[in-house]
Amino acid sequence: MSFSPINIFNEEASEERAENARLSSFIGAIAVGDLVKSTLGPKGMDKILQSMSTGEIMVTNDGATILKSIWLDNPAAKVLVNLSKVQDDEVGDGTTSVCVFASELLREAEKLVAHKIHPQIIIEGYRIASAAALAALEAAAVDNGSDPAKFRKDLINIARTTLSSKVLSQDREYFSELAVDAVLRLKGSTNLDNIQIIKKVGGRLLDSYLDEGFILDKKIGVNCPKRIENATILIANTPMDTDKIKVFGARVRVDATGKLAELERAERDKMRDKVDKIKAHGINCFVNRQLIYNWPEQLFADAGIASIEHADFDGVERLALVTGGEIASTFDHPELVKLGKCKLIEEIMIGEDKLIKFSGVAAGEACTVVLRGATHQLLDEAERSLHDALAVLSQTVKETRTVLGGGCSEMLMSKAVDEAAATTAGKKAMAVEAFARALRQMPTILADNAGYDSSDLVARLRAAHYAGKTTAGLDMDKGDVGDVRDLGITESYKLKRQVVLSASEAAEMILRVDDILRAAPRQRSRQ
């Protein structure tokens, strides 16, 4: 009888068990946390991501962008990548914080497992700690939703705090006002499609501005009117070219050039009929997703209708949304087509480029942010930064409670968790204390990234909170402990709550793992 282990898997499949599987999970998740840790906070650094296939580069410090751009093999590391994506979709910001906090929880859990504490006991302790932390966070939250002046100040502070760790940090006063104005136009909606961002290279970041209405990065057709008041717009997705027979692979054989001329005439007549049907809608502006050839363009110009071609999918969908129209593909029943309306269509210049501006659109909340900057990479990062701020602000307009940033909320929560640990019996208390240590790591990382003495600063911050100064936090400009309410370092309650919830749940899930099975790759065989 053989006592050698029986392998039940395919020869190329692999299995990691017990301690090895747990160690692999811990190492992978902690490595991801360490990767993005240096980008956290107002003094965080940027990363350059370079594509090996195209050579394209991206400069960013956005956690979600960094993590979704890198290829990872470790399954636990992939859990943290998904975690940052969910945070990005749910709130829009806090993508780095959620990864770093989850990895710190797992770093603490690794030490407890090394002390022979069972993962399920650690999970129980983490659940007690998470409940205590969230209760403390909710108690500290302030709601100024009923006072418009105070709430606007809160929104500007949140935008400044969000932008302080981004490329727009030097001009955060200007961009926070711009972001708040854009979000308040949405009147409580979280649909950011109404806010369009156009990037134009040239000028400097401070040349960026918020424009009411909708700007389309296209040109009005030749000989068409360049300014239309009280416009009625038909938005379409239809072919407007005359010199193609639209049957795939079709061939036409003729025995005389006159027959060819007849074919061309038939095509032109067919197009004229189509243009007549479009004109029957009583419009003075026609926007098409596809090309408009010279012949139909001339017919539109003769009728005094401005034609705009090749407005691509994003353009026509957003234009339909803001003008209150719908995208049409057939024109036989004008009475069934919903037309878009706006007060003025005109050509404007931004830098060297001509664009089309739609003012006084049906959706009054629509607006366009025009971003200027020196390079494409700077503009891309500025767009990501502004999008994060807009997303957080739109969520805050719905959930109006705010909490304090600068490590203040984390220290409040860690104090509450330490108090919960003192009343928790058994080994679970060690896990509750570990959760508090992980929370204190967040202000520690903020201070480390700024080059300050984190041990001294965090110890002073902790002492201030135990002395009853519940608004004490880190002032990263002076490298000291200050009153973050006076400094205006404010964050969204929903964002902080989501970070704690998501990170603790992800850490619990990775802690449960005791076996990693890797399937054998599927063989490709030629028949």
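Residues numbered from 1 in each chain as written. Predicted model: local features only at pLDDT ≥ 70, side-chain atom pairs only at ≥ 80, totals over all residues. Heavy atoms only, no water.

Peer 1: What am I meant to see in the overall build of the chain here?
Peer 2: The secondary structure content of the chain amounts to 16 helices and 19 strands. Taken across its 527 residues, the chain has 51% of its residues classed as buried. When the accessible surface of the chain is totalled, it reaches about 26,000 Å², and 50% of it is carbon and sulfur. Distance between charge centroids for the chain: 2 Å, based on 68 positive and 77 negative side chains. (Helix = DSSP H or I, 4+ residues; strand = E, 2+ residues; numbered from the N terminus. Buried < 20%, exposed > 50% of the residue type's maximum accessible area, 1.4 Å probe, protein only. Areas by Shrake-Rupley, 256 points an atom, 1.4 Å probe, with all protein chains shown as cover. Lys, Arg positive; Asp, Glu negative; His and termini not counted. Charge placed at Lys NZ, Arg CZ, Asp CG, Glu CD.)

Peer 1: Hey, could you run me through helix 8 (residues 257-279) in this one?
Peer 2: It helps to recall that an α-helix has 3.6 residues per turn; residues three or four apart then point in one direction. Helix length check: helix 8 (23 residues) gives 33 Å between terminal C-alpha atoms against 33 Å at 1.5 Å per residue, within 8%. The complete set of buried residues in helix 8 reads Glu267, Met271, Lys274, Val275 and Ile278. Residues of helix 8 that are buried make contact with strand 8 (227-236), strand 9 (285-288) and helix 9 (294-302). (Expected span 1.5 Å × (residues − 1). Contact = heavy atoms within 4.5 Å.)

Peer 1: Help me understand the pattern of salt bridges, please; the structure alone is not making it clear to me.
Peer 2: Note that side chains of opposite charge can pair when their charged atoms are close. With the rule as written, the count across this model stands at 35 salt bridges. Of the charged contacts, one joins arginine 272 and aspartate 269 as a salt bridge, the two residues approaching to 3.3 Å between their closest N and O atoms. Of this pair, arginine 272 and aspartate 269 both sit in helix 8, three residues apart, which is roughly one turn of that helix. Notably, a salt bridge pairs aspartate 276 with lysine 279, separated by 3.5 Å at the nearest N-O pair. Taken together, the positions of aspartate 276 and lysine 279, both in helix 8 and three residues apart, correspond to about one turn of that helix. Residue class for aspartate 276 comes out partly exposed when judged on its relative accessible area of 37%. (Salt bridge = Lys/Arg side-chain N within 4 Å of Asp/Glu carboxyl O.)

Peer 1: Hey, could you run me through a negative patch on the surface in this one?
Peer 2: Taken together, the side chains of Asp193, Asp312, Asp314 and Glu317 present a region of like negative charge at the surface. Among the structural elements, aspartate 312 can be located in the loop between strand 10 (306-308) and helix 10 (313-323). (Patch = residues over 30% accessible without salt bridge, like charges linked within 9 Å, V, L, I, M, F, W, Y side chains within 5 Å.)

Peer 1: Would you take a moment to explain the packing of helix 3 (residues 75-90) against helix 4 (residues 95-114) for this structure?
Peer 2: Packed helices, taken two at a time, are described by the angle their axes make and the gap between the axes. Across the interface, helix 3 lies against helix 4 with an axial gap of 8 Å and an inter-helix angle of 145°. Crossing handedness for the pair helix 3 and helix 4: right-handed. In this structure, helix 3 contributes Leu80, Leu83, Ser84, Gln87 and Asp88 to the contact, and helix 4 contributes Thr95, Val98, Cys99, Ala102 and Ser103. Per-class residue counts for the contact of helix 3 with helix 4 are five nonpolar, four polar and one charged. (Axes fitted to C-alpha atoms, helices over the stretch in contact; angles between N-to-C directions. Left-handed = near helix turned anticlockwise from the far one by under 90°. Nonpolar A, V, L, I, M, F, W, Y, C, P; charged D, E, K, R; others polar.)

Peer 1: In this structure, what is going on with the sheet that holds strand 4 (residues 142-143)? I would like to understand it.
Peer 2: Strand pairing in a sheet relies on backbone hydrogen bonds. The paired strands run either parallel or antiparallel. Taken in spatial order, the three strands of this open sheet run 4-15-18, and their pairing is antiparallel. Both edges of this open sheet fall to strand 4 and strand 18 (490-492), since each of them pairs with a single strand only. Strand direction decides the pairing type here: strand 15 (residues 401-404) and strand 18, joined by three bridges, are antiparallel. By the bridge assignment for strand 18, valine 403 is matched with glutamate 491. (Pairing = 2+ DSSP bridges.)

Peer 1: Is there a simple way to explain the sheet that holds strand 5 (residues 195-201) in this structure?
Peer 2: The three strands are arranged 5-14-6 in an open sheet whose pairing can be described as mixed. In this open sheet, the two strands that pair with only one neighbour each are strand 5 and strand 6 (209-212). Each strand of the sheet is rotated relative to its neighbour by a mean of 25°, with strand direction disregarded. Examined bridge by bridge, strand 5 and strand 14 (residues 367-373) share seven bridges and lie parallel to one another. Of the residues in strand 14, the one forming a bridge with lysine 200 is arginine 372.

Peer 1: What is the right way to look at helix 5 (residues 119-140) in this model?
Peer 2: Spanning 22 residues, helix 5 covers 31 Å between terminal C-alpha atoms, matching the ideal 32 Å at 1.5 Å per step. Those residues of helix 5 lying buried are Pro119, Ile122, Ile123, Gly125, Tyr126, Ala129, Ser130, Ala132, Ala133, Leu134, Ala136 and Leu137.

Peer 1: How do you make sense of the nonpolar core when you look at a structure like this?
Peer 2: Here is a general trend for soluble globular proteins: nonpolar side chains tend to be buried in one another's company. Core analysis: the biggest nonpolar cluster contains 99 residues, and Phe101, Ile122, Tyr126, Leu386, Leu390, Val417 and Phe435 have the highest contact counts within it. Top element by residues in this core is helix 13 (residues 428-449). It accounts for eleven residues. Once residues within four sequence positions are removed from consideration, isoleucine 122 is found in contact with Ala109, Leu112, Val113, Ile117, Ala431 and Leu511. Judged by nonpolar contacts, the second largest core, of 24 residues, contains Leu216, Ala231, Ala311 and Ile356. (Core = buried A, V, L, I, M, F, W, Y, C linked by side-chain atoms within 4.5 Å.)

Peer 1: What should I look at first to understand the environment of threonine 161 in this one?
Peer 2: Examined against the element boundaries, threonine 161 turns out to sit in helix 6 (residues 148-163). The sequence separation of threonine 161 and glutamate 229 amounts to 68 residues, and the corresponding C-alpha distance is 42 Å. Sequence-distant contacts of threonine 161, defined by excluding residues within four places in its chain, comprise Gly488, Ile489, Thr490 and Glu491. Polar side-chain contacts of threonine 161 include one of 2.7 Å to the backbone oxygen of asparagine 157. (Polar contact = N/O pair within 3.5 Å; in protein donor to acceptor, adjacent residues only side chain to side chain.)

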